[in-house]
Amino acid sequence: MDINMSMEEKEEFLKRVEQNGCWIWKGNVNSQGYGRFSYGGKLELAHRASARIFKGIVLEGRKDGTLSRVCSNPLCVNPSHIEVAFKKDVVRKALWSQFVKENPEELTRFRRAKIENKNELNRAYNEWIEKAHKKRPD
Ligand SMILES: [Zn+2]
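Residues numbered from 1 in each chain as written. Predicted model: local features only at pLDDT ≥ 70, side-chain atom pairs only at ≥ 80, totals over all residues.

Undergrad: Go over the overall build of the protein, please, and point to the residues and values.
TA: Along the backbone of the protein there are five helices and six strands. When the helices and strands of the protein are listed from N to C terminus, the series reads α-β-β-β-β-α-β-β-α-α-α. Each of the 138 residues in the protein was classed as buried or not, and the buried ones make up 14%. Look at the contacts in the protein between residues 6 or more apart in sequence, and 43% of them connect residues 24 or more apart. (Helix = DSSP H or I, 4+ residues; strand = E, 2+ residues; numbered from the N terminus. Buried ≥ 20, exposed ≤ 12 C-beta atoms within 10 Å, placed from the backbone. Contact = placed C-beta atoms within 7 Å.)

Undergrad: Tell me about the environment of Arg69, and please be specific about residues and values.
TA: Locating Arg69 in the fold gives a position in strand E5 (residues 65-69). Here Arg69 is in contact with Cys76, His81 and Ile82, once residues within four sequence places are set aside.

Undergrad: Just give me the short version of the nonpolar core, but keep the residues and values in it.
TA: Of all hydrophobic cores here, the largest spans 10 residues; its members are Phe13, Val17, Trp23, Trp25, Phe37, Ala46, Ala49, Ile53, Cys76 and Val77. Mapped by element, the contributors of at least two residues to this core are strand E2 (22-25) and helix H2 (46-55). No other element matches the three residues that H2 contributes to this core. Trp23 has contacts with Val17, Cys76, Val77 and Asn78, leaving out every residue within four places of it along the chain. (Core = buried A, V, L, I, M, F, W, Y, C linked by C-beta atoms within 7 Å.)

Undergrad: Tell me about the environment of Trp25, residues and numbers included.
TA: Within the fold, Trp25 resides in strand E2. You can call Trp25 buried: it has 26 C-beta atoms within 10 Å. Taking the C-alpha atoms as reference points, Trp25 and Phe37, 12 residues apart in sequence, are found 9.4 Å from one another. If near-sequence neighbours (up to four positions away) are discounted, Trp25 is found in contact with Arg16, Val17, Gly35, Ala46, Leu75 and Val77.

Undergrad: Tell me about the pairing of E2, and please be specific about residues and values.
TA: A one-sided burial pattern is seen for E2, the buried positions being Trp23 and Trp25 and the unburied ones Cys22 and Ile24. Bridging between strand E1 (residues 17-20) and E2 involves four bridges; their strand directions are antiparallel. Counted as the bridge partner of Asn20 is Cys22 from E2. (Pairing = 2+ DSSP bridges.)

As structure tokens, this is what we get:
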């Protein structure tokens, strides 16, 4: 049996869900307020189970990945509301928004000039990273 493709597991999962845009978990909830899904003797957080069952995303053993919701409902298990984020992407995003915050003039200059390629902005970003001694994610 392919564990990702089990129809029975899918059905069992959906029995515990109320769908109204978000998929509200109606099954077991842990002390942190997250849904828990038990199937085949295995207990799993419901949003993780959802990502695995419906999207084939398995994060077990991967320390660099986290699952987050695009909605802010902790009981939502809608696979299309669940995104996988890898640490380096999170760091990259945070660095970029810090750069933009600290160097608004660079962005304004870039936009005003309507420069087609982003090389100049990237150069400014890279210089900022070096100057601020930021560690760049690989
Ligand atoms: Zn949702």
